[in-house]
Amino acid sequence: MSINAEIVAVIDSQCSESGAGAWSVTIHIAGQPVYSASGSCCISTVDEMQEAAHVIGLSWIAERFPDHPINLVVDGQECLGRSARVHLELFANRTNPPKSEDAWPILMKAQDVIPLKTAALETGKSDKTLRAWVRDFGIGRQSGPSAPIEISHPALEMVLHGDMAALELLRVGDRSSPRVVRFFRHLGIAP
């Protein structure tokens with residue numbers, strides 16, 4: 001059974017000088033509102049408050065549907081093909097992404113692909129680190145055990161910059177989002 005869920009976070013951007021702000025989150029499942037929460041917090045940025053609201057919403061879903069596949073829409077952006085628990089891990093801990101076997105693969109066009117050796121030269125990262133990123137972030141492909149590893153250049157840049165939201169947009173095939181397009185432009189590749 002797959003669940004269609006939507007999380008909408010609303011942040012009061014009129015934060016006081018102390019850094020306090022208000023947030024609210026609503027969850028819809030199958031188009032019906034099923035959960036709502038609100039509060040205030042002393043977090044330094046609106047983005048951090050929005051992320052905190054997302055984590056609260058995902059926690060609620062993960063408690064009730066921990067292993068069901070969730071077709072999730074967060075503030076209008078789709079994040080598909082994962083269980084609620086994995087969605088929560090992604091949002092709650094951006095430095096510890098879901099393993100690639102839990103994620104849909106990044107689909108690559110020929111102009112997106114760079115070999116592992118080129119990626120190491122461009123990034124200054126070791127072969128071992130890049131292989132771990134391919135495994136952990138799902139940003140590469142290898143057609144067989146002895147075949148060369150090919151890496152999505154835009155996805156690699158997203159990981160280097162810590163932009164997991166852009167990586168998830170690319171993973172679901174959104175190559176037109178401004179957040180994704182900027183990485184393609186940075187690399188001189190057509191989206």
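Residues numbered from 1 in each chain as written. Predicted model: local features only at pLDDT ≥ 70, side-chain atom pairs only at ≥ 80, totals over all residues. Heavy atoms only, no water.

Some words on the packing of aromatic side chains
Point 1. Counting across every chain of the model gives one aromatic pair.
Point 2. Ring centres of Trp 133 and Phe 137 lie 6.4 Å apart, and the angle between their planes is 85 degrees; on these two criteria the pair is classed as edge-to-face. With Trp 133 and Phe 137 both in helix α4 (residues 127-137) and four residues apart, this pair spans about one turn of that helix. Across the pair, exposure class does not vary: Trp 133 and Phe 137 are buried alike.
Point 3. Against the face of Phe 183 rests Arg 182, its NZ or CZ located 5.2 Å from the ring centre. (Phe/Tyr/Trp six-rings, centres within 6.5 Å; stacked < 30°, edge-to-face > 60°. Helix = DSSP H or I, 4+ residues; strand = E, 2+ residues; numbered from the N terminus. Buried < 20%, exposed > 50% of the residue type's maximum accessible area, 1.4 Å probe, protein only. Lys NZ or Arg CZ within 6 Å of the ring centre and 35° of its normal.)

Thoughts on α4
Point 1. Those residues of α4 not exposed but buried are Leu 130, Ala 132, Trp 133, Val 134, Asp 136 and Phe 137.
Point 2. Buried residues along α4 sit in contact with α3 (116-123), β7 (140-141), β8 (150-152), α5 (153-160) and α6 (164-171).
Point 3. Of the residues one or two after α4, Gly 138 is the one with positive phi, at around 65 degrees. (Contact = heavy atoms within 4.5 Å.)

Quick word on the sheet that holds β7
Point 1. With antiparallel pairing, three strands are arranged side by side in an open sheet as β6-β8-β7. Both edges of this open sheet fall to β6 (113-115) and β7, since each of them pairs with a single strand only.
Point 2. Pairing of β6 with β8, which is carried by three bridges, proceeds in the antiparallel orientation. Along β8, the bridge assignment pairs Pro 115 with Glu 150. (Pairing = 2+ DSSP bridges.)

Observations concerning α5
Point 1. Among the eight residues in α5, seven count as buried, and that is most of the element.
Point 2. Residues His 153, Pro 154, Ala 155, Leu 156, Glu 157, Met 158 and Val 159 constitute the buried set of α5.
Point 3. Contacts made by the buried residues of α5 are with β6, α3, α4, β8, α6 and α7 (178-187).
Point 4. Phi turns positive, to about 70 degrees, at Gly 162, one or two residues after α5.

Remarks on the packing of α5 against α6
Point 1. Between α5 and α6, the shortest axis-to-axis distance is 8 Å and the interhelical angle comes to 155 degrees. By the angle class used here, α5 and α6 are roughly antiparallel. With respect to the hand of their crossing, α5 and α6 are arranged in left-handed fashion. Counted together, Pro 154, Ala 155, Met 158 and Val 159 of α5 and Met 164, Ala 166, Leu 167 and Leu 170 of α6 form the full contact between these two elements.
Point 2. Tallied by class, residues from the contact of α5 with α6 come to eight nonpolar, no polar and no charged. (Axes fitted to C-alpha atoms, helices over the stretch in contact; angles between N-to-C directions. Parallel < 35°, antiparallel > 145°, perpendicular 65-115°, else oblique. Left-handed = near helix turned anticlockwise from the far one by under 90°. Nonpolar A, V, L, I, M, F, W, Y, C, P; charged D, E, K, R; others polar.)

Quick word on the nonpolar core
Point 1. Formed by 26 residues in total, the largest nonpolar core has its most connected members in Ile 139, Ile 151, Leu 156 and Leu 167.
Point 2. Those elements giving two or more residues to this core turn out to be β6, α3, α4, α5, α6 and α7.
Point 3. Top element by residues in this core is α6. It accounts for five residues.
Point 4. Not counting residues up to four positions away in its chain, the partners in contact with Leu 156 are Ile 114, Ala 119, Thr 123, Leu 130, Trp 133, Ile 139 and Ile 151. (Core = buried A, V, L, I, M, F, W, Y, C linked by side-chain atoms within 4.5 Å.)

Here we look at the side chain of Arg 175
Point 1. In this structure, Arg 175 sits in the loop between α6 and α7.
Point 2. From its side chain, Arg 175 meets the backbone oxygen of Pro 191 in a polar contact 2.9 Å long.
Point 3. Each residue touching Arg 175, except ones within four places of it in the same chain, is listed here: Leu 107, Lys 109, Gln 111, Asp 112, Leu 170, Val 180, Val 181, Phe 184, Ala 190 and Pro 191. (Polar contact = N/O pair within 3.5 Å; in protein donor to acceptor, adjacent residues only side chain to side chain.)

Re the pattern of salt bridges
Point 1. Within the structure shown, the criterion is met by five salt bridges.
Point 2. Across the pair Asp 127 and Arg 131 runs a salt bridge, and its minimum N-O distance is 2.7 Å. A residue pair is termed a helical-turn pair when its members lie 3 or 4 positions apart in one helix, as Asp 127 and Arg 131 do in helix α4 at four residues.
Point 3. On the accessibility criterion, Asp 127 (38% relative accessible area) is partly exposed.
Point 4. Across the salt bridge formed by Arg 141 and Glu 150, the nearest N and O atoms sit 2.7 Å from each other.
Point 5. Judged by relative accessible area, Arg 141 falls into the partly exposed class, the value being 36%.
Point 6. What makes Glu 150 partly exposed here is its relative accessible area of 30%. (Salt bridge = Lys/Arg side-chain N within 4 Å of Asp/Glu carboxyl O.)

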